[in-house]
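# Descriptive analysis of the structure
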Amino acid sequence: MPDYTDEEYDALDEYFTKNDIMPDISRPGFFSRAYGMTVRLDPETTRIITDRAQAEHTTPAQVISTLAHKAIAATA
């Protein structure tokens, strides 16, 4: 974990306190609404992708892109 200054910690605390970072993934169509993607995923798949994105500190779209690239590379 990076070594932040007290000011940086305060700024991050304020940002995450004021901004809702937890999406409502229980409803179908989360990625369509949030990212303009025209794909509909079931809530369980959405939860798995969102959990992975949070663990990897990326976006759900980046997780899907990485999975797609790996699948394409495996078939090439």
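On a predicted model such as this, the values are computed, not experimentally measured, just so you know. (Residues numbered from 1 in each chain as written. Predicted model: local features only at pLDDT ≥ 70, side-chain atom pairs only at ≥ 80, totals over all residues. Heavy atoms only, no water.)

Before going further, it helps to examine a nonpolar patch on the surface. On the surface, Leu12, Tyr15 and Phe16 cluster together to form a nonpolar patch covering roughly 290 Å² of accessible area. On the secondary structure map, leucine 12 appears in helix H1 (residues 6-18). Judged by its relative accessible area of 34%, leucine 12 is partly exposed. (Patch = residues over 30% accessible without salt bridge, like charges linked within 9 Å, V, L, I, M, F, W, Y side chains within 5 Å. Areas by Shrake-Rupley, 256 points an atom, 1.4 Å probe, with all protein chains shown as cover. Salt bridge = Lys/Arg side-chain N within 4 Å of Asp/Glu carboxyl O. Helix = DSSP H or I, 4+ residues; strand = E, 2+ residues; numbered from the N terminus. Buried < 20%, exposed > 50% of the residue type's maximum accessible area, 1.4 Å probe, protein only.)

Between its first and last C-alpha, helix H3 (residues 43-56) extends 20 Å over 14 residues, near the 20 Å set by a 1.5 Å rise per residue. All of the buried residues along H3 are Thr46, Ile49, Thr50 and Ala53. Each buried residue of H3 sits inside an arc of 100° when the element is viewed along its axis, so together they form one side. Between a side-chain oxygen at the N-terminus of H3 and the backbone nitrogen of glutamate 44 the separation is 3.2 Å; the capping residue is aspartate 42. After H3 finishes, the residue histidine 57 shows a positive phi value of roughly 55°. (Expected span 1.5 Å × (residues − 1). Arc of directions from axis to C-beta. Polar contact = N/O pair within 3.5 Å; in protein donor to acceptor, adjacent residues only side chain to side chain.)

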